[in-house]
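Residue-level listing of the chains:
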Amino acid sequence: MFNLIIFGPPGSGKGTQSDLLIQNFGLIHISTGDLLRDEVEQQTLLGIEAKKFMDQGQLVPDEVVIGMIGSLLDNRPKVKGIIFDGFPRTEAQAKALDKLLSLKTTEIHKVLYLIVPEEELENRLIQRGKESGRSDDNKEVILKRIVEYNCKTKSVADYYESQRKLTKVKGTGSIAEIFATIKSVIHPYVKAI
Ligand code: AMP
């Protein structure tokens, strides 16, 4: 099994590059943002609670997302590998993920850190908001999400750096150029389909 985290600030291209990884490497994709938006849409209790945080650009509490990932991993048959997108976002989540994966006798093999200047993030997210209609892609919430990332999430990179699993990837340029770099990083670990 090959388990990868695609890491970076909101708007760094994690979702776009995950789609290419799915197509090219046949990995399973787990995005906590997508899972939470599904819960919101279905108006589950979890979704109703989570929405309050999401609309404010704040992180949903750790126990909620960790619980979600835990039950997902329990219900998943053996797969070639998993891409974690938007998770972990705090050191507590990173530690919980390590524990959950070790119960499955596996681990995180690589963390790809997409590096994009802050100004470009804002522009990309404002543009995405016009196309996707995502309620948290408006300027006020975007700025809050970037602050939340800088305060709580950015340091998760150090956690994986200390485990020598982190690779920084330039997240600007064309989608194809960025993906070419990503492919070269993960080729030693997993074969293309
Ligand atoms: P995303 O689609 O990854 O940008 O996530 C959208 C929103 O969902 C975030 O702004 C958070 O409110 C929430 N969210 C997604 N993933 C997490 C996570 N791992 N921990 C806490 N909150 C999360």
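Data block above holds the structure.
Summary of the structure given here.

Basis of the calculations
Residues numbered from 1 in each chain as written. Predicted model: local features only at pLDDT ≥ 70, side-chain atom pairs only at ≥ 80, totals over all residues. Heavy atoms only, no water. Helix = DSSP H or I, 4+ residues; strand = E, 2+ residues; numbered from the N terminus. Buried < 20%, exposed > 50% of the residue type's maximum accessible area, 1.4 Å probe, protein only. Contact = heavy atoms within 4.5 Å. Arc of directions from axis to C-beta. Axes fitted to C-alpha atoms, helices over the stretch in contact; angles between N-to-C directions. Parallel < 35°, antiparallel > 145°, perpendicular 65-115°, else oblique. Left-handed = near helix turned anticlockwise from the far one by under 90°. Nonpolar A, V, L, I, M, F, W, Y, C, P; charged D, E, K, R; others polar.

1. Observations concerning the environment of Met54
Working step 1: When you line up the elements, Met54 lands in helix H3 (residues 45-54).
Working step 2: In this structure Met54 comes out as buried when scored by relative accessible area, which is 14%.
Working step 3: For the pair Met54 and Ser31, spaced 23 residues apart in sequence, the C-alpha to C-alpha distance is 14 Å.
Working step 4: With near-sequence residues (within four places) excluded, Met54 lies in contact with Gly33, Leu36, Arg37, Val40, Val60, Asp136 and Val141.

2. Some points on helix H2 (residues 32-41)
Working step 1: Among the residues making up H2, those that are buried are Thr32, Gly33 and Leu36. In a view along the axis of H2, the buried residues occupy a sector of 100°, so they form one face of it.
Working step 2: Along its buried surface, H2 packs onto strand E2 (28-31), H3, helix H4 (62-74) and strand E3 (81-85).
Working step 3: Looking at the residues trailing H2, positive phi occurs at Gln43, about 55°.

3. Topic: the packing of H2 against H3
Working step 1: With their axes 7 Å apart at the nearest point, H2 and H3 run at an angle of 120° to one another. In terms of their interaxial angle, H2 and H3 are classed as oblique. Considering only the axes of H2 and H3, their crossing is left-handed. Facing Gly33, Leu36, Arg37, Glu39 and Val40 of H2, the residues of H3 in contact are Leu46, Gly47, Ala50, Lys51 and Met54.
Working step 2: Across the contact of H2 with H3, the residue classes tally to 5 nonpolar, 2 polar and 3 charged.

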